[in-house]
Amino acid sequence: MAQLDLHPDRLLPTEPGVRAVAREVYAAVKDLPIVSPHGHVPAGWLADDVAFADPTSLLITPDHYVTRLLHAHGVALSDLGVGRDDMDAAASRAAFRTLCAHWPAYRGTVVKTWFEAELVEVFGVDVVPSAQTADAIYDRITEQLATPQFRARALYERFGIEVLATTDDPCDDLADHRRLAEDPAWSGRVIPTFRPDRYLEPAAEGWNAAIDLLGRTAGTDVDHYSGWVEAMEARRAYFREHGATSTDHSHRDVRAEPLDRAVAEELYLRARKGDITPDEGDTLRRDLVFQMARMAADDGLVMTLHPAVARNHHGPSHRAYGADVGADIPTQVEFTRSLQPVLEAFGTHPGFQIVLFTIDETVYSRELAPLAGFYPSVYIGAPWWFIDAPDAMQRFRAAVTETAGFARTSGFIDDTRAFLSIPARHDVSRRVDAGFLARLVAEHRLTTDEAIATAHDLVLTNPKRAFRL
Amino acid sequence: MAQLDLHPDRLLPTEPGVRAVAREVYAAVKDLPIVSPHGHVPAGWLADDVAFADPTSLLITPDHYVTRLLHAHGVALSDLGVGRDDMDAAASRAAFRTLCAHWPAYRGTVVKTWFEAELVEVFGVDVVPSAQTADAIYDRITEQLATPQFRARALYERFGIEVLATTDDPCDDLADHRRLAEDPAWSGRVIPTFRPDRYLEPAAEGWNAAIDLLGRTAGTDVDHYSGWVEAMEARRAYFREHGATSTDHSHRDVRAEPLDRAVAEELYLRARKGDITPDEGDTLRRDLVFQMARMAADDGLVMTLHPAVARNHHGPSHRAYGADVGADIPTQVEFTRSLQPVLEAFGTHPGFQIVLFTIDETVYSRELAPLAGFYPSVYIGAPWWFIDAPDAMQRFRAAVTETAGFARTSGFIDDTRAFLSIPARHDVSRRVDAGFLARLVAEHRLTTDEAIATAHDLVLTNPKRAFRL
Amino acid sequence: MAQLDLHPDRLLPTEPGVRAVAREVYAAVKDLPIVSPHGHVPAGWLADDVAFADPTSLLITPDHYVTRLLHAHGVALSDLGVGRDDMDAAASRAAFRTLCAHWPAYRGTVVKTWFEAELVEVFGVDVVPSAQTADAIYDRITEQLATPQFRARALYERFGIEVLATTDDPCDDLADHRRLAEDPAWSGRVIPTFRPDRYLEPAAEGWNAAIDLLGRTAGTDVDHYSGWVEAMEARRAYFREHGATSTDHSHRDVRAEPLDRAVAEELYLRARKGDITPDEGDTLRRDLVFQMARMAADDGLVMTLHPAVARNHHGPSHRAYGADVGADIPTQVEFTRSLQPVLEAFGTHPGFQIVLFTIDETVYSRELAPLAGFYPSVYIGAPWWFIDAPDAMQRFRAAVTETAGFARTSGFIDDTRAFLSIPARHDVSRRVDAGFLARLVAEHRLTTDEAIATAHDLVLTNPKRAFRL
């Protein structure tokens, strides 16, 4: 059985002189608190201080980063618990064995990096996952999950989380967030994020039902465009009262273009009747997104964009397992022309802030750095989803820094459903940024003091500024 | 005269610690056999066990990588033997002198790397090419080409080739492949590849003549769509019987979309009458490509895509010299949306495998790695054509590995007409992969054992799996 | 106060062995003269041998690289002197203080690299800019600007400039260039560049007024298409007589497509009446650009393209401050198909040369290197504008060299309005190229002698060849 350990220099640059600088920079930030301004951990876990049931339902089933690569290697998603609620102990153990037996498939991936850190640092596992070691690892994790030290709040404390943002539907009553706020035994900070995508796609299936719900929730007449606007404003206010500082948007593109009011009203009425083409739906959606930007300028909620992913690319998997099962595939994106109307209107508005994320790396040096290097409202989001990984992070810094510097970037976001991976994810970011800064020091572009100050900013100052925390 | 030698550490990482690991990884794979699942060497060379005539017709004239850069430096292609069959000894020697005199033009190119390896390792040349050394090198090569050790079969053995795929027209009778298969003196493996492009472009010049030939060859009535399908199925079966394991496709885009059968039939009939617009030709072509995918799922021939190259970009050169003279220029490509219908239908079909190649590096992290990291049928092809080069290979691994790992990549293909460059090309790939793996070891992302096992897989396991060899 | 100095090894590779080679390569080129074939320094500065007024109007106000990032950090452009002519001493000093107080915003940017080199090497400043040091630095620079050694011609000499190209309107009388040519006390070389963009956009505001001026200047009847052609030919001849060797073009795209003459004539007539749609304007513009290519083949002026930037992206800033204030944002570009008609016609024409610049890095390996590796008329331009920076330059060389080598690239252009930054900009390029070449030496792809010869070519041979200097 191969020994599993984490080398203290992992992910740092390989040249010894640069590594020495990187160690110094990393040491200055490695124990700083975690600021997580965008993610998908359920607030209820902390409100209820849940105990986690078993390794598979905690570490495998909900994490599409883990399951998708097993699927590519021929494993059925259902064998990993995806889309089912009948996994008994034997099935859970079998799924964990499957992961361990496929461990070489993860070589070179960031999932391996995260998972190893969880095994070693959270659970004290010291053997490499394999068919032979699967059961022992499974048992060790199970045993620990039953202890108070592994309940949600204890882990939140142990991880050093300062603030954790969830992602929530505009009609959510945020009861879990309220319970936490009112709980005298809770001293953490869990804030909601306003994610209105499904209310902004008038030609999509389910839009009318969503709008009905929105009207009931907000108490406005959503049969007219103005009622939609009022409802959104009301729900944004509700989220702000419950601690939200940002809204999140994920559409096919990032276009946001105001329509003539009469045109918008007419399209809206037809959409409410289900009488709207996909193209018209896009047109109206772009107006509604523009409205969200206008509201953001007014109420100060930071707008974050996570665009251009073909969701549920594989219909059969979608029908069998639902959304978010690893079958979302990125597409090309364009920001320069698409955001022009919004930036024309609000690019220098003191209330407006927008953070731009991408999986399409081509826009880093071509569009994002030039935009954020001019507009005070624009921040460049950290590498996201498929490119939240060490080499990709290096490419990100190399592509944007020479034009936009460090201060115009958002700082790291983990965007994860995998609660236990949060420390590992932030640690990877700190290591890679330390390595990047160390190279600039070794190339005599920064002093070590400047590098350390910058690393500190990237962990704390930048996300707090970009997300108005 | 400057000495030409090959440093044993060439192309390995520069940091001494990483280089030491890379040496160890490279040493473990450098002498493994060559698996070449996609290329353009004529089977007849091996069937006939040809003796090669002279250095120019072997090393320069047929290799558009070599000739195109000379053309860019003002050399007429005809002076290099392109498009003519009247090169006498003096002309051949003059062409070789031209190449040697322009040797500095190749600095930094991968052509220099390959050519130097051919000179030193195949022919034992030990001086740098130049106007002064051209004749001596020419004579040395000529002399050796006349010996039995330099006939095609002896080189095949010496190069350690385990399997070599050719590229063939669906109507080819594969006589050379048959002769090899029936030759008791031949113990190698040369397999055909089914390349049906010209039968799938209904609006292109020459399509009807090609279809007529297809009908005669397959013995089906190709005046109807169903006859085209039958003919293709028959020819695919013929190729499979002669050892083929894959089909190859190179169109402007990778879209593959089934038409309603009546629509397809009608377009097909009009195409047979020469009455089809370019747009309709694209529409029908995308249906025919979808048919090829359906056949691939049925008969198990692996589908490989080499898309998005503007062929014969320079009309005057095309008219003077024909195709494949170095005037093909890549264009942007899109996979996510374009392949959705095929992957919806066959992405998890056990019979279906598709290998995606690109010259557009933007799709690596954005589309190819996410696709191959979910769909069991999708493999990421090795860097191809213009980007089959050391730095580009590094970028490839860095772009895809963090999402898709190593096992979802195809392993190296040489795709070459230049028989003598095959060992050098595979060697470059082994060196670069060793260097990439060594960096992961030095960054404590892999152990040395894992790196060596992975390097071995990339040379043997991956191409055999991806191409079903 | 932190000490400011320039490390002699700055920007060289970090691995000591590679750095040693890089030092040797860099030493061989660092003192070579500066060839600047494309930029925006006014010829009048040298004709008048101006004394520069103050640090802000010299180093900050006209340099949108500097001002745009301050704007992104919330500084009003007017506070930096942009768009106003009423900056008194106090306002100038205040602007300089603002820059120094925001110095950390430039960490990691190439602006910091250039600015530090100007401070240390031009002005002998030895403290890091900050709120505390701003006044002392300001005073030191002001003091020196009053001395003869800091007049324009003395700096031209001191910088070692061999040739400096300006950018000029076709209707410019080039009086400053004439004065220089006729001045016996002047021994430098300042040449104009023909930049006809505004005469080639028939649907743009101001086109008709520009064409009226063109007609008056050239003395031709520009109410007809043929008169436009004659006028352009005449002005090109005028520029050539005054030393011009190139024309510069910056449109939304690089398409250049000849129209049927009657169609062109009809569109032209309608454009002269102001009766042309934006799409028709694009169509006619593409014909006019094709005409420029035809003229280039005839008269030998090198055509340079700097395409695909959304100019004046932020309307309010444009209206308040005018053009060139840092609010231009790049967009995606396409060369392969767009340039096909021009290269079909002139790609092997001995009179025609075209240099292709881009901010969209995706085209390097996909389009530019393949084009320049085949067409003798095509040169790959150096990284430009936002990507004229060390890491981006490394990416450039790594992306194009393996296909096109070094000789098909243009050599460095500074493209700057910031006269005092010219030596720093060229020095960055020499350092980065030395580092890139040193890596190839360390990877045993080049000998040190080859690397030094190549570095020398990149500084002198390449720009002189690409721009026909």
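In this numbering scheme, every chain counts its residues from 1 along its sequence in written order. Chain letters and ligand numbers both follow the written order, the letters beginning at A and the numbers at 1. In view of the model being predicted, local features appear only for residues whose pLDDT reaches at least 70, and side-chain atom pairs are presented and counted only at 80 or more, with totals across whole chains, interfaces and linings using the full set of residues. The side-chain numbers reported here are obtained from all heavy atoms of the structure, hydrogens and water having been left aside.

A.B. asks: I'm lost on the relation of the copies chain B and chain C in this one. Help?
C.D. replies: In this arrangement, two copies of a chain are superimposed by a rotation about an axis accompanied by a shift along the axis. The copies were overlaid with a least-squares fit restricted to C-alpha atoms from residues scoring a pLDDT of at least 70 in each copy. Note on the copies: chain B fits chain C at an RMSD of 0.0 Å, the axial shift is 0.0 Å, and the rotation between them is 120°. What the rotation and shift describe, once combined, is the action of a three-fold rotation axis. The contact criterion used throughout is that any non-hydrogen atoms of two residues lie within 4.5 Å. When the interface residues of chain B are mapped onto chain C, a mere 6% of them again lie at the interface, so each copy presents a different face.

A.B. asks: Explain the interface of chain B and chain C here, please?
C.D. replies: When the parts of a complex come together, some accessible area is lost, and that lost area is often taken as the interface size. The partner chain C presents 44 residues to the 48 residues of chain B that form the contact. When chain B packs against chain C, close to 3,700 Å² is buried across both sides, 53% of that on carbon and sulfur atoms. Ranking the residues of chain B by area buried against chain C places B:Arg107, B:His313 and B:Asp391 at the top, with a combined share of 19%. Any carboxyl oxygen of Asp or Glu within 4 Å of a side-chain nitrogen of Lys or Arg constitutes a salt bridge here. Linking chain B to chain C there are 5 salt bridges. A salt bridge links C:Arg366 to B:Asp360, with the nearest nitrogen and oxygen atoms 3.1 Å apart. Polar contacts, as counted here, are pairs of nitrogen or oxygen atoms within 3.5 Å of one another; within protein the pair requires one atom able to donate a hydrogen and one able to accept it, and residues that are adjacent in sequence qualify only if both atoms are side-chain atoms. If you look at where chain B meets chain C, you find 28 residue pairs in polar contact (both at pLDDT 80 or more). Secondary structure elements follow DSSP: runs of H or I of four or more residues count as helices, runs of E of two or more count as strands, with numbering from the N terminus. When residues of the side of chain B that touches chain C are traced back to their parent elements, those giving at least two are α1 (16–29), α4 (64–72), α6 (110–122), α14 (315–321), β7 (329–330) and α17 (390–404) of chain B. What counts as buried area is the accessible surface, traced by a 1.4 Å probe, that two parts surrender upon association, with contributions from both included.

A.B. asks: Mind showing me how you'd approach the sheet that holds strand β2 (residues 161–165) of chain C here?
C.D. replies: Think of a sheet as strands paired side by side through backbone hydrogen bonds, with each pair either parallel or antiparallel. Residues and elements named next belong to chain C. Here the rule is simple: two strands pair whenever DSSP picks up at least two bridges between them. Taking strand neighbours across the sheet as the criterion, the 3 strands line up as β1-β2-β3 in an open arrangement whose pairing is parallel. Of all the strands in the sheet, the pair left with one neighbour each is β1 (34–36) and β3 (190–191). Sheet analysis places β2 next to β3, joined by 2 bridges and oriented parallel. Note on β3: the bridge partner recorded for leucine 164 is valine 190. Structural elements are reduced to axes, namely lines fitted to C-alpha atoms, with helices fitted over the stretch in contact, and the angle between N-to-C directions of any two is expressed from 0 to 180 degrees. Here helix α8 (residues 152–159) sits on the sheet and contacts β1, β2 and β3; the angle it forms with β2, its principal contact strand, is near 120°.

A.B. asks: What is the right way to look at the packing of aromatic side chains in this model?
C.D. replies: Think of a pair of aromatic rings as described by two things: how far the centres are apart, and how the planes are tilted against each other in angle. Residue and element names in this part refer to chain C. Pairing of aromatic rings covers Phe, Tyr and the six-membered ring of Trp, with a centre-to-centre limit of 6.5 Å; geometry is then stacked below 30 degrees between planes, edge-to-face above 60, and tilted otherwise. A full pass over the atoms with the stated rule returns 60 aromatic pairs over all chains. Plain terms: the ring middles of tryptophan 207 and tyrosine 268 are 5.6 Å apart, the flat faces sit at 80° to each other, and that makes the pair edge-to-face. Of this pair, tryptophan 207 sits in helix α10 (residues 207–218) while tyrosine 268 sits in helix α12 (residues 261–272), and the two are 61 residues apart along the sequence. The pair tryptophan 207 / tyrosine 268 is uniform in exposure class, with both members buried. Exposure categories follow from relative accessible area, calculated using a 1.4 Å probe and restricted to protein chains: below 20% of the type maximum is buried, above 50% is exposed, and the middle band is partly exposed.

A.B. asks: I tried to follow the side chain of A:Ser92 on my own but got confused; where do I start?
C.D. replies: Residues and elements named next belong to chain A. The residue serine 92 is located in helix α5 (residues 89–101) in this model. Looking at serine 92, the relative accessible area reads 4%, which means it is buried. With sequence-adjacent residues up to four places away left out, serine 92 is seen in contact with Asp54, Thr56, Met87 and Tyr138.

A.B. asks: Quick question: what am I supposed to make of the nonpolar core here?
C.D. replies: In summary, soluble globular proteins display a tendency toward joint burial of nonpolar side chains. Residue types Ala, Val, Leu, Ile, Met, Phe, Trp, Tyr and Cys, when buried and joined through side-chain atoms within 4.5 Å, form a set referred to as a nonpolar core. By size, the foremost hydrophobic cluster in this structure holds 424 residues, and its most contacted members are A:Trp228, A:Phe419, B:Trp228 and C:Trp228. Leaving out residues up to four positions away in the same chain, C:Trp228 has contacts with C:Tyr199, C:Leu200, C:Ile211, C:Leu214, C:Val222, C:Tyr268, C:Leu288, C:Gln291, C:Met292 and C:Met295.

A.B. asks: How do you make sense of the sheet that holds strand β4 (residues 246–249) of chain B when you look at a structure like this?
C.D. replies: Residue and element names in this part refer to chain B. Taken together, the 4 strands give an open sheet; going across it, the order is β4-β5-β8-β9, and neighbouring strands pair in parallel fashion. Each end of this open sheet is capped by a strand with a single partner; those strands are β4 and β9 (378–380). Between one strand and the next, the sheet's axes are offset by a mean angle of 25°, whatever the strand orientation. Inspection of the sheet shows β4 paired to strand β5 (residues 302–305) by 4 bridges, in the parallel sense. If you follow threonine 247 over to β5, its bridge partner there is methionine 303.

A.B. asks: Can you walk me through the domain arrangement of chain A in this structure?
C.D. replies: Residues and elements named next belong to chain A. According to the domain assignment, chain A contains domain 1 (52–149) and domain 2 (153–466). Between domain 1 and domain 2, the residue contacts involve 24 residues of the former and 24 residues of the latter. It is His64, Arg68 and Trp114 in domain 1 that bury the most area against domain 2; as a group they hold 29% of the surface buried on that side. Our count for the contact surface shared by domain 1 and domain 2 stands at 4 residue pairs in polar contact (both at pLDDT 80 or more). Mapped by element, the contributors of at least two residues to the side of domain 1 that touches domain 2 are α3 (55–60), α4 (64–72) and α6 (110–122). By residue number, the principal contributor to the side of domain 1 that touches domain 2 is α6, which donates 7 residues. Among the residues making up the side of domain 1 that touches domain 2, the classes are represented as 13 nonpolar, 7 polar and 4 charged. Just so you know, the domain bounds were taken from an automatic or database domain assignment. Under the scheme applied, nonpolar residues are Ala, Val, Leu, Ile, Met, Phe, Trp, Tyr, Cys and Pro; charged residues are Asp, Glu, Lys and Arg; polar residues are all the others, including Gly.

A.B. asks: Is there a simple way to think about the interface of chain B and chain A in this case?
C.D. replies: With 44 residues of chain B in contact, the opposing surface of chain A contributes 48 residues. Ranking the residues of chain B by area buried against chain A places B:Arg366, B:Phe374 and B:Glu402 at the top, with a combined share of 21%. Scanning the region where chain B abuts chain A turns up 5 salt bridges. Taking the shortest distance from any N to any O, the salt bridge between B:Glu450 and A:Lys112 comes out at 3.7 Å. Here chain B and chain A share 29 residue pairs in polar contact (both at pLDDT 80 or more) between them. At the level of secondary structure, the elements contributing two or more residues to the side of chain B that touches chain A comprise α15 (340–346), α16 (363–372), α17, α18 (422–442) and α19 (448–466) of chain B. Class assignment for the residues of the side of chain B that touches chain A results in 19 nonpolar, 12 polar and 13 charged.

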